[in-house]
Amino acid sequence: MVKNIINVENLSKSFDVSSKEPGLKGTIKHFFIRKTKSLKVIKDISFEIKEGEIVGFLGANGAGKTTILKMLCGLIYPSKGSILVSGYSPFRRKENFLKKITLIMGQKQQLIWDLPPIESFYLNASIYDLDKFEAKRRIKKLSDMLEIDDELYIPVRKLSLGQRMKSELLAALIHEPNILFLDEPTLGLDINAQRNLRKFLKKYNKETNATICLTSHYMKDITSLCKRVICVHNGSISYDGELDLLLKKLSPVKEILIVFRSDEDALKLENYGFTIKNKIKNEITINVENNSITSSLKTIFNNFDIEDIYINEPPIDEVIGKILIKKNI
Amino acid sequence: MISNLINRKILTLLKVQYSNMLEYRVEIALWAISGVIPFFMLNIWTNNSLNESINISNVMLSRYFLCAFFVRQFSVVWVVFSFEEDSLMGKVSPYLIQPLNPFFRYFAQHLAEQITRFPFAIIIAFFFFIFNPESIWIPNLGILLLSILSTFLSFLIQFLIQSIVACLCFWTEKASSIERLLFIPTLFLSGLLAPVVSFPEYVKSWIYLTPFPYLIDFPANVLSGNPTNIAGGLSIQVLWVLLLFPAFKKMWSAGTKKYTAMGS
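Because the structure is a prediction, the values reported are computed rather than measured. (Residues numbered from 1 in each chain as written. Chains lettered and ligands numbered in written order. Predicted model: local features only at pLDDT ≥ 70, side-chain atom pairs only at ≥ 80, totals over all residues.)

1. A word on the overall build of chain B
This is how it is decided: Numbering of helices and strands runs from the N terminus, with a helix taken as a DSSP run of H or I at least four residues long and a strand as a DSSP run of E at least two residues long. Radius of gyration: over C-alpha atoms. The globule rule applied is 2.2 Å multiplied by the number of residues raised to the 0.38 power. A pair of residues counts as a contact when their C-beta atoms, built from backbone coordinates, are separated by no more than 7 Å.
When its secondary structure is counted, chain B shows 12 helices and 0 strands. N-terminal to C-terminal, the α/β element order of chain B is α-α-α-α-α-α-α-α-α-α-α-α. Radius of gyration (C-alpha) of chain B: 19 Å, near the 18 Å computed for a compact globule of 264 residues. Of the contacts formed within chain B by residues at least 6 apart in sequence, a portion of 80% connects residues at least 24 apart.

2. Notes on the overall build of chain A
So the rule is basically this: Each residue is classified by how many other C-beta atoms fall within 10 Å of its C-beta atom, where C-beta atoms are placed from the backbone; a count of 20 or more means buried, 12 or fewer means exposed, and values in between mean partly exposed.
Secondary structure summary: chain A contains 12 helices and 13 strands in total. For a compact globule of 329 residues, the expected C-alpha radius of gyration is about 20 Å, and chain A comes in at 25 Å, more than 25% above that figure. Counting only C-alpha atoms and orienting by the principal axes, one finds that chain A spans roughly 75 × 60 × 50 Å. Put simply, chain A has 329 residues, and 35% of those count as buried.

3. Remarks on the sheet that holds strand β2 (residues 35-50) of chain A
Residues and elements named next belong to chain A. This is how it is decided: In short, DSSP must find at least two bridges between two strands for them to pair. Helix axes use the C-alpha atoms of the stretch in contact, all axes being lines fitted to C-alpha atoms, and the angles between their N-to-C directions lie in the range 0 to 180 degrees.
What the 3 strands build is an open sheet, ordered β2-β1-β4; its pairing is antiparallel. Strands with a single pairing partner mark the edges of an open sheet, and in this sheet they are β2 and β4 (80-85). Averaged over all pairs of adjacent strands, the angle between strand axes in this sheet comes to 25 degrees, irrespective of strand direction. The pairing of strand β1 (residues 4-19) with β2 spans 12 bridges and is classified as antiparallel. Across the sheet, Ile 6 pairs through a bridge with Ile 49, a residue of β2. Against the sheet, helix α2 (residues 65-72) makes contact with β1, β2 and β4, and its axis sits at roughly 120 degrees relative to β1, the strand it touches most.

4. Points about the sheet that holds strand β11 (residues 276-280) of chain A
All names here are of chain A. The strand order β11-β12-β10-β13 describes an open sheet built from 4 strands, whose pairing is antiparallel. Each edge of the sheet is formed by a strand with only one pairing partner; in this case those strands are β11 and β13 (306-312). Ignoring strand direction, the axes of neighbouring strands in this sheet form an average angle of 20 degrees. By the bridge criterion, 6 bridges tie strand β10 (residues 253-260) to β13 in an arrangement that is antiparallel. Looking at β13, one finds that Ile 258 is bridged to Ile 309.

5. Things to note about the interface of chain B and chain A
Put simply, the rule reads: Any residue outside Ala, Val, Leu, Ile, Met, Phe, Trp, Tyr, Cys, Pro, Asp, Glu, Lys and Arg is labelled polar, Gly included; the first ten of those are nonpolar and the last four are charged.
Contact with chain B, which involves 21 residues of that partner, is made by 24 residues of chain A. Elements supplying a minimum of two residues to the side of chain B that touches chain A: α1 (2-22) and α6 (92-96) of chain B. Here the side of chain B that touches chain A gets 7 residues from one element, more than from any other, and that element is α1 of chain B. Partitioning the side of chain B that touches chain A into residue classes produces 9 nonpolar, 8 polar and 4 charged.

6. A word on the pairing of strand β8 (residues 228-233) of chain A
All names here are of chain A. The buried count for β8 comes to 5 of 6 residues, which makes it a mostly enclosed element. Sheet analysis places strand β3 (residues 54-58) next to β8, joined by 4 bridges and oriented parallel. Looking across to β8, one finds that Val 55 is bridged to Arg 228. From the end of β8 to the start of strand β9 (residues 236-242), which pair antiparallel, there are 2 residues, and Asn 234 there has a positive phi angle of about 50 degrees.

7. Quick word on the pairing of β9 of chain A
Pairing between β8 of chain A and β9 of chain A: 6 bridges, direction antiparallel. Residue pairing for β9 of chain A: Val 229 of chain A is matched across the bridge by Gly 241 of chain A.

8. A few points about the domain arrangement of chain A
Just so we agree on the cut-off: Domain boundaries shown here were taken from an automatic or database domain assignment.
Domain boundaries in chain A define domain 1 (4-248) and domain 2 (253-312). Each of domain 1 of chain A and domain 2 of chain A was reduced to a C-alpha centroid, and the two centroids are 45 Å apart.

9. A short note on the packing of helix α5 (residues 132-146) of chain A against helix α6 (residues 161-173) of chain A
All names here are of chain A. Test applied: By definition, any crossing whose near helix is turned counterclockwise from its far helix by less than a right angle is left-handed, and any crossing with a clockwise turn is right-handed.
One can describe the packing of α5 onto α6 by two numbers: an axis separation of 10 Å at closest approach and a directional angle of 145 degrees. Like other packed secondary-structure pairs, α5 and α6 cross with a definite hand, here right-handed. Contact residues: α5 offers Ile 139, Leu 142, Ser 143 and Leu 146, while α6 offers Lys 166, Leu 169, Leu 170 and Leu 173. Tallied by class, the residues present in the contact of α5 with α6 amount to 6 nonpolar, 1 polar and 1 charged.

10. With respect to unusual backbone geometry
All names here are of chain A. Residue Asn 10 is not a glycine yet carries a positive backbone phi of 45 degrees. When you line up the elements, Asn 10 lands in strand β1. One non-glycine residue, Asn 209, lies in positive phi territory at about 55 degrees. Summarising the element assignment, Asn 209 is placed in the loop between α7 (191-208) and β7 (211-215).

11. Regarding the environment of Lys 298 of chain A
Inspection of the secondary structure puts Lys 298 of chain A in helix α11 (residues 293-303). When the C-alpha atoms of Lys 298 of chain A and Leu 130 of chain A are compared, they prove to be 65 Å apart, with 168 residues separating the residues in sequence.

12. Let's talk about helix α3 (residues 37-47) of chain B
Residues and elements named next belong to chain B. Selection criterion: What the arc covers is the set of directions going from the helix axis to the C-beta atoms.
Residues of α3 that are buried include every one of Pro 38, Met 41, Leu 42 and Trp 45, and no others. Within α3, the buried residues cover an arc of 105 degrees as seen down the axis, which keeps them to one side. Relative to its buried face, α3 has exposed residues pointing more than 90 degrees away, namely Phe 40, Asn 43, Ile 44 and Asn 47. Residues of α3 that are buried make contact with α4 (58-73). Trailing α3 by a residue or two, Ser 49 shows a phi angle of about 50 degrees, which is positive.

13. Some details on the environment of Leu 297 of chain A
Residues and elements named next belong to chain A. Topologically, Leu 297 is positioned in helix α11. For Leu 297, a count of 16 C-beta atoms within 10 Å translates into the label partly exposed. Along the backbone, Leu 297 and Ile 256 are 41 residues apart, and their C-alpha atoms lie at a distance of 9.2 Å.

14. Description of the packing of helix α4 (residues 117-127) of chain A against α6 of chain A
All names here are of chain A. Keep this limit in mind: When describing relative orientation, an angle under 35 degrees is termed roughly parallel and one over 145 degrees roughly antiparallel, while 65 to 115 degrees is termed roughly perpendicular and anything else oblique.
It is the contact of α4 with α6, at a shortest axis distance of 9 Å, that shows an interaxial angle of 15 degrees. Between α4 and α6, the angle falls in the class roughly parallel. Of the two possible hands of crossing, α4 and α6 adopt the one that is right-handed. Contacts between α4 and α6 involve Pro 117, Ser 120, Phe 121 and Asn 124 from the former and Ser 167, Leu 170 and Ala 171 from the latter. The class makeup of the residues in the contact of α4 with α6 is 4 nonpolar, 3 polar and no charged.

In C-alpha cells:
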C-alpha cells in the first residue's frame, strides 16, 4: 500500500491586513490610527497526499492555493491545525526536511542574475552537502533531461525566459528532492517551453517517484500532469478527487458535431428534441447527455443522411471555469 | 560539522559572491572612493589646528584618519538594505527553505566585497602617502594581525546590529528607516569624524558603554599605533558579538514566524 507523504488536518491561516479609507482624510486618519483586521485565508482544511502522486490545486486568484503550498513547504507558519510532510512539521525547517523538498515559483528566481547558472548550481550543491563529483553527475543528468547545455555557461541575465525557467528547475532539483511544490511553474512560458516542462516533470515523477503539488492557471498543466485535483474556493476545499470524475460531474454532456448532406435535414433536427448549440450551414453542434449518447446517435442515423459526425468533450477551460466560481462541487 | 559548514558552504558562497562582485568592479571602485570622509575630516582638523587641543601630532592624526578609512572600507555593512529589498520582492522565500540561513549569503556577499575593495583601498592609500609622505609608517606584524582582528570584529558587530534591524522587516516593511536612525550615532560616535579621545570627558564616560567607539575608533587606533588598551578593546568587541548574536537568533526565530512571503 502506498503511504501518505503529506497529512494536513484542520489547517487555517489568517493574515492581519490594514485597511484605509480613500482620500486625503482617510490618508491622515490612517497615518495616526491604523485599522487592522484579521483575514482568514485558509479555513480548516484537511487532506492527504500519497507518495508519488501529482496533485493539482485549482482555484481562482486569491482562493488560497499558493498559501497552502507555502505552508506545506514551511515558508509560512500556520495559524491553526497540523501539517506533516514526510514525517516532519514543515515550519520547523529541519535540515533533513529541507533536503527532501523544493519550491519553484514561476517568475521568482534564485539564480544569481549576473553569473552563469552553473555557478548557482555548484553553490546549491554545496548548500545541500553534495561533493563536487556528485554535483557534476547530477548537473549532467538534469541538464540532459531538461535539454540545456550551452546555456549553463551564459550569464542568467542573457537567457530567455524558457531557458531561465529550465535553469531554475535544475537549481531547485539538484538535491533530488522527493517532494516538489510548484507554484505556476509555466507562467509566462511559450507553448513549446510549457510542453517541455510538463514532459520533464512527468519524467522526473516517473523516474524518482517524487510527489508533486502544483498550482497553475494553464489547464493543460493540470490535465496532462494531475490525476487528482484539490479545488480551493475562498480558503476552503470545494472538491478533492480525480480530475476525470470532476469533469464528468461538472460536464455531464458531450458535444456532437454533425455534418448533414443537405441543409434541409439540418433544419429538421430540432424537431427531434435536440438543443442546437451552434449552426454553420449544414454543420450543427449539439450537446447530448453522456447517458443518452447511443440513443441519440441511433435517432440521428435512422432519420438523417449524414456525411460525417464527431463526438467531442466540451472545452476543458469552460469546465474548469465553472470550478473556480463554485463553492460546493 | 561546523568546520564542514565553513569549509564547503561558506567557501563556495564566498567564491561565487566574489565572482559576482567582480562583475561590478567599476561600482566597487566608486564605492571605495566614496568612503573618503576621513580624509575630509583630516583636512578640517589640520587646517584649523584642532589636533593641538587633544595633544596629538599632525602625523599621528593623519595616520589615524587613514586607518579610519581602512577600517571603514573593511567593515561597512548594508545587509539591512539588501534583506529589505529581497524580502519585499519575495526573493528571500527560496533561500528560507534551503538548509542554510539566508544571512550567510549576505555575510559572504560582504566579505567578497571587502576582498574586491582591497586593491582600490591600497591605491587610495598610495596617493594619500604621496601627498602626506611624513605619515608613512609600517606597522609590525603583530599590530597588523591585531588590527585585522579588531576590524573583523567591528564588521561582525555592525553586521549583527544591522541583521537584527533587518529582521524587523518581518513586522514592518521599512526596517531600513530604523537603520538610518542608527547611522547618526554611528557617524558621530564611532570615530569616523573625530577620534573619540577628542570628545568631552562626560561624553566619553558613557560613549564607551555603547558599541560605537569599537567600530572605527578602536581598530583605527590599534592600526595607527595610537595608545589604546588593545586587550580591553578586543574583549569588549567579543562581548558585543556574544551579546548581539543570541539577540539576532531570537529576532530571526520570532520574525520567520511572522513571515508572509509577500511578493511571491
